Each structure stands twice: as C-alpha cells, then as structure tokens.
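Residues per chain are reported as follows:
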Amino acid sequence: MTAAYDEKRPTIFVIVCLVGVLVGAVFFASASRYFWTPDDRDAASERFEPLAYLRLRPFDSAGYLALSESVTEGSADGAMRLRTHAVGAASLLAPVDPQVIRADATLAFARGEVRSGLDKMARLAAISPMDQADAFRVLASYVTHPVWQDFAAARLNAGWDVSDQFLLKLCNDPQLARYAFAVAAQFARFGPLSPAASQCAENRAVASGDVQGAYRLRLSAAKTLPARIGFAFNGDFELPLSGSVFDWTIEPGGEYREGFVAAVRPDIGFAGSNKAFSLRFTGRPIRSRMAQQHLALGPGKYHLYYVSKQTVQPATNSPAWTLRCVGNDAPLILDSWADSDASGGWMRHRVPFTVGVNCSGQLLSLEPKSKLSSLEGIKGTLVIDDVRVEQQ
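The structure displayed is predicted, hence computed values, not measured ones.

A. Broad picture of the overall build of the chain. On a plain count of helices and strands, the chain comes out with 14 helices and twelve strands. Across the chain, the fraction of contacts at a sequence separation of at least 24, relative to all contacts at a separation of at least 6, is 68%. Looking at the chain as shown, the accessible area adds up to about 20,300 Å², and 55% of this sits on carbon and sulfur atoms.

Structure follows, in structure tokens:
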C-alpha cells in the first residue's frame, strides 16, 4: 500500500496545488471588496461589473484582467495594489496566456521594475508569434538601458529561441537599425548568429563606416569558417558563397544587359583545385562590377596575388582587380604584373599596394580597366583562381 501511495503522491501534490490556486481565486473574487484598504475600495467603487463577472466565473483570467484595466480612480498606491492583485490572480490561473503575460509586463514597467518587464516581454515574444512584433518593439526601446546587458546575457544563457528574429527586427527598422550592430556583437558572444542576422548587422556596420567592427562580428558570429582565414576570404572559390560582405559577391551579369556572364564553375580550377571564377564577355558595354569583396586590412604594405587564364583580345583590355578605401572612389591599385611562364596556360599576377592609416576598410572588385573598355565592351573569356592578399 505504501508503494501505491508513493506512486500517487506526485498526482496528489498537483491536485492540492490546483485546489489551492482555485480557492485563492474564489477568495479574492468574493472577499476582495471587504478586505481592500479604504483607498482600494475607493478605486473600485464604480467597478461593479468586473466583480460581478468574477463572482459568476471566479476561474476566468479575463475577468481579473478586466478588473485590473478598470481601475482608473482612487489613490495611485491603492490602484496599483489592486491592479497587482488582479493581474497576479490572472497569472496564477493562466500563466501562459499571452494577454496575461502582456498585462503582467506592462504592470512591471509601470512599477519601475524594468528587468522584470523585459523578462516578461521576452517570454511573450517567444511563445506568441502574434504578439512578437509588439514585444520586440518594447524590448528594442530598452537596448540602451543600464539593465539591458545583464538581461540579454541571462536570456541568451537560458536559450532565447527568437534572438535572431529580434536582431532582424532591429536591423530592418530604420528607427532602430543604429542599435543592430552593438546588439549583434553582444549576442555573438553567446553563440553563432543566423546568416541573415549576421549579414544584416555586417551591412549596417559597413554602411556606417565601421568595416573593422563588421569583420570582427563576421569572425565571431559565423556558424562555420575554414580552418585558415587569410586577408581575402574564399580566394580559391571552393566554399559556397555565404552572402557576407567579406565573401565574394558575384554579379551573374547578362549577355545583352550587362555585357558578360559570370559564375563560379567546377572542374576548371588552378593547380588541382575544383572550382574557379569564370567569365565570358559578349562584346556589349559592361555596366557593372563582376565580383567584389570587402577587406579589413590595417595600415601597411601588401601584395595581391591571383592566377588567370584568358582569351580576351587584346589582353590589355582584360578586366583588373581594383582596391578602394570604403567611402573613397580613388583606387589604391588598378593594374598588375603578370608572369607568363605559369603552367597550363595560367598566368600569375602580383599587385603591390599600400594601405594608409585613414583607410580602415577596403573594397576589392573586378571591373573594366577603363571607361573606354567598359563602353566598347570586351570579347573573350577569363578564368580567375587562387586570389589572396599577403602583408609584406
């Protein structure tokens, strides 16, 4: 018999707890008018309807929310006590009801309990997709508040499933975008970000001129990175393009519209590699860059290396890599030295350049050498592989 009782004991405990909650709710609904302070009674003197509803339906959380919202008179302290009691009863009866959580959070903010309000809003965002946008809007308004850092750390340590959605909300809202990078950097300390959230924050940072910060975020927030990372990422074109500004952005072009067709193709790579960047030019005017990647080089002297194989005639019309400081159109490099004795028809290129102290971020792009060649168009093919940057 003792064993049977032990098996039933958890069930008995749950039943006792539920009975306690229900008895408390009934007691609050039927006796609250007699036990409130005079100030509380003044606040509720005109609130007969919610009380009458609760006497008929003492276990309905909506009645307690209605009672809380109906309090508009009496002393501030008395009204707050009544609202706190009413929302507390609703929380006991319906702890996961979005309306109850919203009311509880709103009340916490009204009492000046910012951390509690943030926790409740974060919970609302996680469990109610319909309320997520509003919850994110409230959370975003507190990202500069002193309690935000501790709140975010605790929430992320506990596993907040909608952290990426919140970042995207910040990043895509013109009024909140200025906070996206700082919040993304904080979130990245607790785990990788989704590609969409990371890339959006990177783009915001680059647009504001903070290329170095965007690059640090890229390294800390990426879910996968190669074992070895150089100054130029994915220079052998072996990895799938990630969409990051610190990876290749390939302009596919169009035979008639852009004057070229471009793609990363397999089985044409240099020195046994599997892939390379391939272009075919149609002779029509070239209207865009063919490929680009942001770099985060510090001041110093560097060399850009790459190999190419081409049928462009004349060879002097072949596109060249151009490097510019972000926010400055003046090119740091626009031409290259080529060694024609490379094997298999490949030519090796080496381009020296210098980065100054006022050039904290760079854009490496493949484009026509001159406006004339862009307007006249180019005919032939070009394959590029093994792009890398080395400091001298």
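Don't stop here, the text continues.
B. Representation of the pattern of salt bridges within the structure. Going through the model one piece at a time under the given rule, you end up with twelve salt bridges. Notably, a salt bridge pairs Arg324 with Glu367, separated by 3.1 Å at the nearest N-O pair. Highlighted residues: Arg324 in strand β7 (residues 320-325) and Glu367 in strand β11 (residues 362-367), separated in sequence by 43 residues. Owing to a relative accessible area of 11%, Glu367 belongs among the buried residues under this scheme. Counted as one network, the salt bridges with shared partners bring together Arg102, Asp131, Asp134 and Arg137.

C. Looking closely at unusual backbone geometry. Residues other than glycine seldom take positive phi values, yet Asn234 does so here, at roughly 60°. As for its placement among the helices and strands, Asn234 is situated in the loop between α13 (211-221) and β1 (249-250). With relative accessibility at 6%, the residue Asn234 sits in the buried group. If you check the backbone angles, Asp386 has positive phi at about 55° while not being a glycine. Examined against the element boundaries, Asp386 turns out to sit in strand β12 (residues 379-391).

The rules behind the values
Along each chain, the written sequence defines residue order, and numbers are assigned to residues from 1. In keeping with the model being predicted, local features are shown solely for residues with a pLDDT of at least 70 and side-chain atom pairs are shown and tallied solely at 80 or more, while totals for entire chains, interfaces and linings include all residues. Here the side-chain values reflect all heavy atoms present in the structure, with hydrogen atoms and water set aside. A run of H or I in DSSP becomes a helix once it reaches four residues, and a run of E becomes a strand once it reaches two; helices and strands are each numbered from the N terminus. Between two residues, a contact is recorded if the distance between any of their heavy atoms is within 4.5 Å. Surface exposure here means Shrake-Rupley accessible area, sampled with a 1.4 Å probe, where a residue is shielded only by the protein chains that are shown. Every case where a carboxyl oxygen of Asp or Glu lies within 4 Å of a side-chain nitrogen of Lys or Arg is listed as a salt bridge. Type-normalised accessible area, obtained with a 1.4 Å probe on protein chains alone, sets the label of each residue: buried when under 20%, exposed when over 50%, and partly exposed for intermediate values.

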